[in-house]
Amino acid sequence: MDDKQTCLVLEGGALRGVYTSGVQGVLHRAGVPIQCLMGTSAGAMNAINFLSHQPERSFQIDHHFAPDHNFMGLRPLLKEGQIFSFSYMFGPVNDAFPLDLETFHSSPIRLIAVATDYETGTPAYLESANCSDMMLALQASSSMPLFSSPVPLDGRLYFDGGPSMAVAYQKALDEGYQRVILVLTRQKGYRKSSFGRGARLAMKLKFRNHPDFYAMMKDSPRHYNAMMDEIDRLESLGRIFVIRPSAPVTVSRTEKDQKKLEDLFFLGRKDAEAALPALGRFLGLEERVL
(Lines give C-alpha, C1' and ligand atoms only; values in the text may rest on other atoms or scores of the structure.)
Protein backbone atom coordinates (compact mmCIF):
# COMPACT_ATOMS: atom_id res chain seq x y z
CA MET A 1 0.00 0.00 0.00
CA ASP A 2 1.21 3.51 -0.89
CA ASP A 3 2.28 5.13 2.37
CA LYS A 4 0.54 8.33 1.32
CA GLN A 5 -2.87 6.67 1.37
CA THR A 6 -5.22 8.18 3.91
CA CYS A 7 -8.12 6.79 5.93
CA LEU A 8 -10.76 9.03 7.48
CA VAL A 9 -12.32 7.44 10.59
CA LEU A 10 -15.63 8.85 11.85
CA GLU A 11 -17.07 8.34 15.34
CA GLY A 12 -20.82 8.03 15.87
CA GLY A 13 -22.98 9.62 18.54
CA ALA A 14 -26.37 9.78 16.75
CA LEU A 15 -27.32 13.47 16.41
CA ARG A 16 -23.93 14.54 17.74
CA GLY A 17 -22.87 13.51 14.24
CA VAL A 18 -23.84 17.00 13.05
CA TYR A 19 -20.37 17.99 14.31
CA THR A 20 -18.86 15.53 11.83
CA SER A 21 -21.01 17.01 9.06
CA GLY A 22 -19.45 20.40 9.73
CA VAL A 23 -15.94 18.93 9.75
CA GLN A 24 -16.25 16.81 6.62
CA GLY A 25 -17.80 19.68 4.70
CA VAL A 26 -14.58 21.62 5.25
CA LEU A 27 -12.40 18.61 4.39
CA HIS A 28 -14.38 17.96 1.22
CA ARG A 29 -14.20 21.56 0.02
CA ALA A 30 -10.47 21.66 0.82
CA GLY A 31 -9.90 18.60 -1.35
CA VAL A 32 -8.30 16.51 1.38
CA PRO A 33 -7.25 13.27 -0.39
CA ILE A 34 -9.04 10.27 1.12
CA GLN A 35 -8.75 6.66 -0.04
CA CYS A 36 -10.83 5.02 2.71
CA LEU A 37 -13.70 6.00 4.98
CA MET A 38 -14.52 4.01 8.13
CA GLY A 39 -17.66 5.08 9.96
CA THR A 40 -19.40 3.83 13.07
CA SER A 41 -23.12 4.47 13.53
CA ALA A 42 -23.79 8.15 12.68
CA GLY A 43 -20.23 8.18 11.35
CA ALA A 44 -21.23 5.63 8.72
CA MET A 45 -24.25 7.75 7.78
CA ASN A 46 -21.97 10.76 7.42
CA ALA A 47 -19.57 8.71 5.32
CA ILE A 48 -22.10 7.98 2.58
CA ASN A 49 -22.73 11.71 2.26
CA PHE A 50 -19.02 12.37 1.85
CA LEU A 51 -18.92 9.81 -0.95
CA SER A 52 -21.99 11.30 -2.64
CA HIS A 53 -20.36 14.78 -2.53
CA GLN A 54 -23.08 15.93 -0.09
CA PRO A 55 -20.86 16.17 3.01
CA GLU A 56 -23.27 18.27 5.10
CA ARG A 57 -26.42 16.31 4.23
CA SER A 58 -26.66 14.62 7.65
CA PHE A 59 -26.80 18.01 9.33
CA GLN A 60 -29.47 19.20 6.90
CA ILE A 61 -31.56 16.12 7.70
CA ASP A 62 -31.04 16.13 11.46
CA HIS A 63 -31.61 19.86 11.80
CA HIS A 64 -34.79 19.79 9.72
CA PHE A 65 -36.33 16.58 11.09
CA ALA A 66 -35.18 16.54 14.73
CA PRO A 67 -38.54 17.88 16.04
CA ASP A 68 -40.50 15.42 13.87
CA HIS A 69 -41.92 12.61 16.04
CA ASN A 70 -42.07 10.32 13.01
CA PHE A 71 -38.31 10.62 12.53
CA MET A 72 -37.08 9.88 16.04
CA GLY A 73 -38.48 9.01 19.44
CA LEU A 74 -41.24 7.00 21.05
CA ARG A 75 -43.47 6.79 17.97
CA PRO A 76 -41.01 4.88 15.74
CA LEU A 77 -39.83 2.86 18.75
CA LEU A 78 -43.38 1.59 19.37
CA LYS A 79 -44.23 1.24 15.68
CA GLU A 80 -41.00 -0.24 14.29
CA GLY A 81 -38.93 -1.23 17.30
CA GLN A 82 -36.36 1.45 16.34
CA ILE A 83 -35.83 4.82 18.03
CA PHE A 84 -34.90 6.21 14.59
CA SER A 85 -37.35 5.31 11.83
CA PHE A 86 -35.37 3.91 8.92
CA SER A 87 -38.52 3.59 6.83
CA TYR A 88 -39.14 7.32 7.36
CA MET A 89 -35.50 8.06 6.49
CA PHE A 90 -35.76 6.21 3.19
CA GLY A 91 -39.15 7.83 2.48
CA PRO A 92 -40.00 11.43 3.39
CA VAL A 93 -36.49 12.25 4.62
CA ASN A 94 -34.82 11.11 1.41
CA ASP A 95 -37.52 12.84 -0.63
CA ALA A 96 -36.65 16.12 1.08
CA PHE A 97 -32.88 15.62 0.94
CA PRO A 98 -32.21 12.98 -1.74
CA LEU A 99 -28.97 11.06 -1.67
CA ASP A 100 -27.05 11.26 -4.95
CA LEU A 101 -26.87 7.51 -5.45
CA GLU A 102 -25.11 7.72 -8.80
CA THR A 103 -22.22 9.70 -7.31
CA PHE A 104 -22.16 7.50 -4.21
CA HIS A 105 -21.92 4.27 -6.20
CA SER A 106 -19.28 5.66 -8.56
CA SER A 107 -16.97 6.85 -5.76
CA PRO A 108 -13.52 5.22 -5.79
CA ILE A 109 -13.21 5.69 -2.02
CA ARG A 110 -13.41 2.50 0.02
CA LEU A 111 -16.31 2.54 2.52
CA ILE A 112 -16.40 0.44 5.71
CA ALA A 113 -19.41 0.53 8.03
CA VAL A 114 -18.64 -0.70 11.54
CA ALA A 115 -21.36 -2.79 13.19
CA THR A 116 -21.47 -5.31 16.06
CA ASP A 117 -22.20 -9.00 15.54
CA TYR A 118 -25.14 -9.89 17.79
CA GLU A 119 -23.94 -13.45 18.35
CA THR A 120 -20.32 -12.75 19.27
CA GLY A 121 -20.37 -9.15 20.50
CA THR A 122 -17.37 -8.39 18.28
CA PRO A 123 -16.92 -5.64 15.68
CA ALA A 124 -17.93 -6.35 12.10
CA TYR A 125 -16.36 -4.32 9.30
CA LEU A 126 -18.91 -4.32 6.49
CA GLU A 127 -17.98 -3.25 2.96
CA SER A 128 -18.97 -4.17 -0.56
CA ALA A 129 -16.33 -6.92 -0.65
CA ASN A 130 -18.02 -8.90 2.15
CA CYS A 131 -21.57 -7.57 2.25
CA SER A 132 -24.47 -7.88 -0.19
CA ASP A 133 -26.32 -4.67 0.77
CA MET A 134 -24.41 -1.61 1.96
CA MET A 135 -27.59 0.31 2.77
CA LEU A 136 -28.57 -2.46 5.19
CA ALA A 137 -25.03 -2.38 6.56
CA LEU A 138 -25.41 1.33 7.28
CA GLN A 139 -28.70 0.63 9.04
CA ALA A 140 -27.06 -2.13 11.08
CA SER A 141 -24.20 0.17 12.03
CA SER A 142 -26.72 2.70 13.39
CA SER A 143 -29.17 0.44 15.27
CA MET A 144 -28.68 1.34 18.95
CA PRO A 145 -28.96 -1.90 20.97
CA LEU A 146 -31.28 -0.80 23.77
CA PHE A 147 -33.61 1.12 21.46
CA SER A 148 -33.57 -0.93 18.27
CA SER A 149 -33.90 -4.42 16.85
CA PRO A 150 -30.95 -6.27 15.32
CA VAL A 151 -30.62 -5.96 11.56
CA PRO A 152 -30.41 -9.21 9.55
CA LEU A 153 -27.78 -9.22 6.82
CA ASP A 154 -26.24 -12.16 4.96
CA GLY A 155 -27.30 -14.68 7.59
CA ARG A 156 -26.05 -12.69 10.58
CA LEU A 157 -27.69 -10.23 12.97
CA TYR A 158 -26.04 -6.88 13.65
CA PHE A 159 -26.39 -3.93 15.99
CA ASP A 160 -24.74 -0.51 16.21
CA GLY A 161 -20.95 -0.60 16.03
CA GLY A 162 -20.54 1.98 18.79
CA PRO A 163 -20.43 -0.33 21.82
CA SER A 164 -17.83 -2.69 20.34
CA MET A 165 -15.76 -0.27 18.22
CA ALA A 166 -16.68 3.38 18.62
CA VAL A 167 -13.66 4.61 16.65
CA ALA A 168 -12.05 2.16 14.22
CA TYR A 169 -8.61 3.77 14.19
CA GLN A 170 -6.82 0.49 14.97
CA LYS A 171 -8.50 -1.22 12.02
CA ALA A 172 -7.22 1.58 9.78
CA LEU A 173 -3.68 1.18 11.14
CA ASP A 174 -3.86 -2.62 10.85
CA GLU A 175 -4.95 -2.25 7.21
CA GLY A 176 -1.74 -0.35 6.53
CA TYR A 177 -3.04 3.20 6.14
CA GLN A 178 -0.19 5.50 7.13
CA ARG A 179 -2.26 8.67 7.33
CA VAL A 180 -5.21 8.19 9.67
CA ILE A 181 -7.53 11.12 10.41
CA LEU A 182 -10.09 10.80 13.21
CA VAL A 183 -13.20 12.90 13.68
CA LEU A 184 -14.55 12.51 17.21
CA THR A 185 -17.84 13.88 18.53
CA ARG A 186 -16.78 14.49 22.15
CA GLN A 187 -14.28 17.00 23.48
CA LYS A 188 -10.75 16.05 24.58
CA GLY A 189 -10.75 14.45 28.02
CA TYR A 190 -14.30 13.12 27.81
CA ARG A 191 -14.72 9.71 29.39
CA LYS A 192 -17.84 7.57 29.88
CA SER A 193 -19.27 6.56 33.24
CA SER A 194 -20.20 2.97 34.00
CA PHE A 195 -23.80 1.97 33.40
CA GLY A 196 -26.17 2.39 36.32
CA ARG A 197 -28.08 -0.48 37.84
CA GLY A 198 -31.23 0.18 35.80
CA ALA A 199 -29.39 0.14 32.49
CA ARG A 200 -27.51 -3.03 33.43
CA LEU A 201 -30.77 -4.77 34.32
CA ALA A 202 -32.38 -3.66 31.05
CA MET A 203 -29.40 -4.99 29.09
CA LYS A 204 -29.37 -8.27 31.00
CA LEU A 205 -33.06 -8.77 30.27
CA LYS A 206 -32.92 -7.81 26.58
CA PHE A 207 -29.73 -9.72 25.81
CA ARG A 208 -30.25 -12.69 28.13
CA ASN A 209 -29.97 -15.13 25.20
CA HIS A 210 -26.79 -13.49 23.89
CA PRO A 211 -24.29 -13.60 26.77
CA ASP A 212 -21.29 -12.52 24.71
CA PHE A 213 -23.13 -9.47 23.45
CA TYR A 214 -24.31 -8.62 26.97
CA ALA A 215 -20.77 -8.94 28.35
CA MET A 216 -19.49 -6.59 25.65
CA MET A 217 -22.26 -4.06 26.28
CA LYS A 218 -21.72 -4.04 30.03
CA ASP A 219 -18.01 -3.41 29.59
CA SER A 220 -18.29 -0.93 26.73
CA PRO A 221 -17.67 2.26 28.80
CA ARG A 222 -14.36 0.89 30.08
CA HIS A 223 -13.38 -0.16 26.57
CA TYR A 224 -14.29 3.28 25.22
CA ASN A 225 -12.24 5.06 27.87
CA ALA A 226 -9.20 2.87 27.19
CA MET A 227 -9.61 3.65 23.50
CA MET A 228 -9.65 7.40 24.20
CA ASP A 229 -6.47 7.03 26.27
CA GLU A 230 -4.77 5.27 23.36
CA ILE A 231 -6.02 7.86 20.87
CA ASP A 232 -4.52 10.61 23.04
CA ARG A 233 -1.21 8.71 23.11
CA LEU A 234 -1.09 8.13 19.35
CA GLU A 235 -2.06 11.74 18.71
CA SER A 236 0.79 12.97 20.92
CA LEU A 237 3.20 10.80 18.92
CA GLY A 238 1.94 12.21 15.62
CA ARG A 239 0.78 8.78 14.50
CA ILE A 240 -2.82 9.91 13.93
CA PHE A 241 -4.50 13.27 13.41
CA VAL A 242 -7.57 14.04 15.52
CA ILE A 243 -10.29 16.65 15.01
CA ARG A 244 -12.64 16.88 17.98
CA PRO A 245 -14.97 19.49 19.52
CA SER A 246 -13.03 22.39 21.00
CA ALA A 247 -15.79 22.97 23.57
CA PRO A 248 -17.84 20.60 25.76
CA VAL A 249 -20.66 18.92 23.85
CA THR A 250 -24.12 19.12 25.43
CA VAL A 251 -26.07 17.76 22.45
CA SER A 252 -27.72 14.43 23.26
CA ARG A 253 -27.95 11.46 20.92
CA THR A 254 -31.65 12.24 20.37
CA GLU A 255 -31.42 16.03 20.51
CA LYS A 256 -34.51 17.93 19.33
CA ASP A 257 -33.24 21.48 19.92
CA GLN A 258 -32.44 22.77 16.44
CA LYS A 259 -30.36 25.68 17.75
CA LYS A 260 -28.07 23.32 19.67
CA LEU A 261 -27.65 21.16 16.58
CA GLU A 262 -26.85 24.22 14.50
CA ASP A 263 -24.27 25.44 17.03
CA LEU A 264 -22.53 22.05 17.09
CA PHE A 265 -22.47 21.90 13.29
CA PHE A 266 -20.81 25.32 13.05
CA LEU A 267 -18.36 24.34 15.78
CA GLY A 268 -17.34 21.42 13.53
CA ARG A 269 -16.78 23.82 10.66
CA LYS A 270 -14.73 26.18 12.81
CA ASP A 271 -12.59 23.42 14.32
CA ALA A 272 -11.90 21.87 10.92
CA GLU A 273 -10.94 25.19 9.35
CA ALA A 274 -8.55 25.86 12.25
CA ALA A 275 -7.03 22.38 11.82
CA LEU A 276 -6.34 22.60 8.08
CA PRO A 277 -2.76 23.96 8.24
CA ALA A 278 -1.65 21.26 10.71
CA LEU A 279 -3.57 18.63 8.74
CA GLY A 280 -1.75 19.65 5.57
CA ARG A 281 1.58 19.12 7.32
CA PHE A 282 0.42 15.75 8.69
CA LEU A 283 -0.49 14.63 5.18
CA GLY A 284 2.78 15.89 3.75
CA LEU A 285 1.03 18.55 1.67
CA GLU A 286 3.04 21.57 2.78
CA GLU A 287 3.44 22.64 -0.81
CA ARG A 288 -0.30 22.75 -1.24
CA VAL A 289 -2.74 25.02 0.58
CA LEU A 290 -5.68 22.99 1.81
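Whatever comes next refers back to the structure up there.
All residue numbers refer to positions counted from 1 along the written sequence of the respective chain. For this predicted model, a pLDDT threshold of at least 70 governs which residues receive local features, and a threshold of 80 or more governs which side-chain atom pairs are given and counted, while totals over whole chains, interfaces and linings are taken from all residues. Only hydrogens and water are removed before side-chain values are computed, so all heavy atoms of the structure are retained for them.

Draft legend 1. Representation of the overall build of the chain. Helical segments are the DSSP runs of H or I of at least four residues, strand segments are the runs of E of at least two, and each set is numbered from the N terminus. When helices and strands are tallied, the chain shows eleven helices and eight strands. For the radius of gyration, the atoms used are the C-alpha atoms, and the globule rule reads 2.2 Å times the number of residues raised to 0.38. The C-alpha radius of gyration computed for the chain amounts to 18 Å, which stays within 12% of the reference 19 Å derived for 290 residues, consistent with globular compactness. Along the first, second and third principal axes, the C-alpha set of the chain runs to 55 × 40 × 40 Å. Counting across all 290 residues of the chain, residues that qualify as buried make up 54%. Relative accessible area decides the class of each residue, using a 1.4 Å probe on protein chains only: under 20% of the type maximum gives buried, over 50% gives exposed, and in between gives partly exposed.

Draft legend 2. The arrangement of the pairing of strand S6 (residues 156-160) in detail. Strand pairing is defined by DSSP finding a minimum of two bridges between the two strands. Alignment of strand S3 (residues 110-117) against S6, held across three bridges, turns out to be antiparallel. Looking at the pairing, Ala115 lines up with Asp160 of S6. The sheet contact formed by strand S5 (residues 151-153) and S6 spans three bridges and is antiparallel. In the strand pairing of S6, Leu153 is matched with Arg156.

Draft legend 3. Looking closely at the packing of aromatic side chains. Pairing of aromatic rings covers Phe, Tyr and the six-membered ring of Trp, with a centre-to-centre limit of 6.5 Å; geometry is then stacked below 30 degrees between planes, edge-to-face above 60, and tilted otherwise. Inspection of every chain in the model, using the stated rule, returns 14 aromatic pairs. With a centroid separation of 5.0 Å and 85 degrees between ring planes, the pair formed by Tyr118 and Phe159 is classed as edge-to-face. Taken together, the residues span a long stretch of sequence, with Tyr118 in the loop between S3 and strand S4 (123-126) and Phe159 in strand S6 at a distance of 41 residues. Like Tyr118, the residue Phe159 is buried in the burial classification. An angle of 90 degrees between the planes, with centres 5.1 Å apart, marks the rings of Tyr118 and Phe213 as edge-to-face.

Draft legend 4. The pairing of strand S2 (residues 36-40), seen in detail. Extensive coverage of S2 is indicated by the burial of five of its five residues. Side-chain alternation along S2 places Cys36, Met38 and Thr40 on one buried face and Leu37 and Gly39 on a second face that is also buried. For crossovers, right-handed means that the path from the first strand over the helix to the second runs clockwise, given strands pointing away from the viewer. A crossover connection joins strand S1 (residues 6-10) to the parallel S2 through helix H1 (residues 18-30); in handedness this β-α-β unit is right-handed.

Draft legend 5. Local environment of the packing of helix H9 (residues 197-206) against helix H10 (residues 211-236). For helices, the fitted axis covers only the stretch in contact; all axes are lines through C-alpha atoms, and the angles between them, taken along N-to-C directions, range from 0 to 180 degrees. The N-to-C vectors of H9 and H10 enclose an angle of 165 degrees; their axes lie 9 Å apart at closest approach. Accordingly, the angle class assigned to the pair H9 and H10 is roughly antiparallel. Read as a crossing pair, H9 and H10 show a hand that is right-handed. Contacts from Arg200, Met203 and Lys204 in H9 reach Tyr214, Met217 and Lys218 in H10. Side-chain classes are defined by residue name, with Ala, Val, Leu, Ile, Met, Phe, Trp, Tyr, Cys and Pro counting as nonpolar, Asp, Glu, Lys and Arg as charged, and the others, Gly among them, as polar. Classifying every residue of the contact of H9 with H10 gives three nonpolar, no polar and three charged. Should an angle fall under 35 degrees it is called roughly parallel, over 145 degrees roughly antiparallel, and 65 to 115 degrees roughly perpendicular, with every other angle called oblique. Handedness of a crossing follows from how the near helix is turned relative to the far one, being left-handed for an anticlockwise turn of less than a right angle and right-handed for a clockwise one. Residues are treated as being in contact if the distance between any of their heavy atoms lies within 4.5 Å.

Draft legend 6. Just the environment of Leu111, in detail. Secondary-structure assignment places Leu111 in strand S3. Between the C-alpha atom of Leu111 and that of Pro33, which follows or precedes it by 78 residues, the distance is 14 Å. Residues in contact with Leu111, not counting those within four places in the same chain, are Leu37, Ala47, Ile48, Leu51, Phe104, Leu126, Glu127 and Met134.

Draft legend 7. Structural context of the pattern of salt bridges. The salt bridge criterion pairs a side-chain nitrogen of Lys or Arg with a carboxyl oxygen of Asp or Glu, the two atoms within 4 Å. For the structure on display, the rule yields 16 salt bridges. The network of salt bridges with shared partners includes Lys188, Arg191, Asp229, Asp232, Glu235 and Arg244.

Draft legend 8. Summary view of H1. Each residue after the first adds 1.5 Å to the expected span of a helix. Relative to the 18 Å expected for 13 residues at 1.5 Å per residue, H1 spans 19 Å between its end C-alpha atoms, a close match to the ideal helical length. Counting buried positions along H1 gives eleven out of 13 residues, so the element sits mostly inside the fold. Among the residues making up H1, those that are buried are Val18, Tyr19, Thr20, Ser21, Gly22, Val23, Gln24, Gly25, Val26, Leu27 and Ala30. On its buried face, H1 is in contact with S1, helix H2 (42-51), helix H3 (57-65), strand S7 (179-183), strand S8 (240-243) and helix H11 (258-282). Just downstream of H1, Gly31 is the residue with a positive phi angle, here 75 degrees.

Draft legend 9. Here's a closer look at a positive patch on the surface. The grouping of Arg197, Arg200, Lys204 and Lys218 at the surface amounts to a positive patch. Tracing the chain through its elements places Lys204 in helix H9. Patch members must show over 30% relative accessible area and no salt bridge, and they are joined within 9 Å when carrying like charges or within 5 Å when they are nonpolar side chains of Val, Leu, Ile, Met, Phe, Trp or Tyr. Each accessible area is a Shrake-Rupley estimate made with a 1.4 Å probe; only the visible protein chains count as cover when residues are assessed. Only four residue types enter the charge count: Lys and Arg as positive, Asp and Glu as negative, with His and the chain ends excluded. By convention, the charge on Lys lies at NZ, on Arg at CZ, on Asp at CG and on Glu at CD.

Draft legend 10. Quick look at the nonpolar core. Take the buried Ala, Val, Leu, Ile, Met, Phe, Trp, Tyr and Cys residues and link them wherever side-chain atoms come within 4.5 Å; each set so joined is a nonpolar core. If you look at the biggest cluster of nonpolar residues, it comprises 65 residues, and the most contacted ones within it are Leu8, Leu27, Leu37, Phe71, Phe84, Ile181 and Leu279. By residue number, the principal contributor to this core is H11, which donates nine residues. In contact with Leu27, other than residues within four places in its own chain, are Leu8, Val32, Phe50, Ile243, Leu276 and Leu279. Membership of the second largest hydrophobic core comes to 24 residues, among which are Leu173, Tyr224, Met228 and Ile231.

Draft legend 11. How the structure looks around the environment of Ile181. As for its position among the elements, Ile181 is in strand S7. Take Ile181: its relative accessible area is 0%, and that puts it in the buried class. Taking the C-alpha atoms as reference points, Ile181 and Leu279, 98 residues apart in sequence, are found 8.6 Å from one another. Beyond its immediate sequence surroundings of up to four residues, Ile181 is in contact with Thr6, Cys7, Leu8, Val9, Val32, Ile34, Phe241, Leu279, Phe282 and Leu283.

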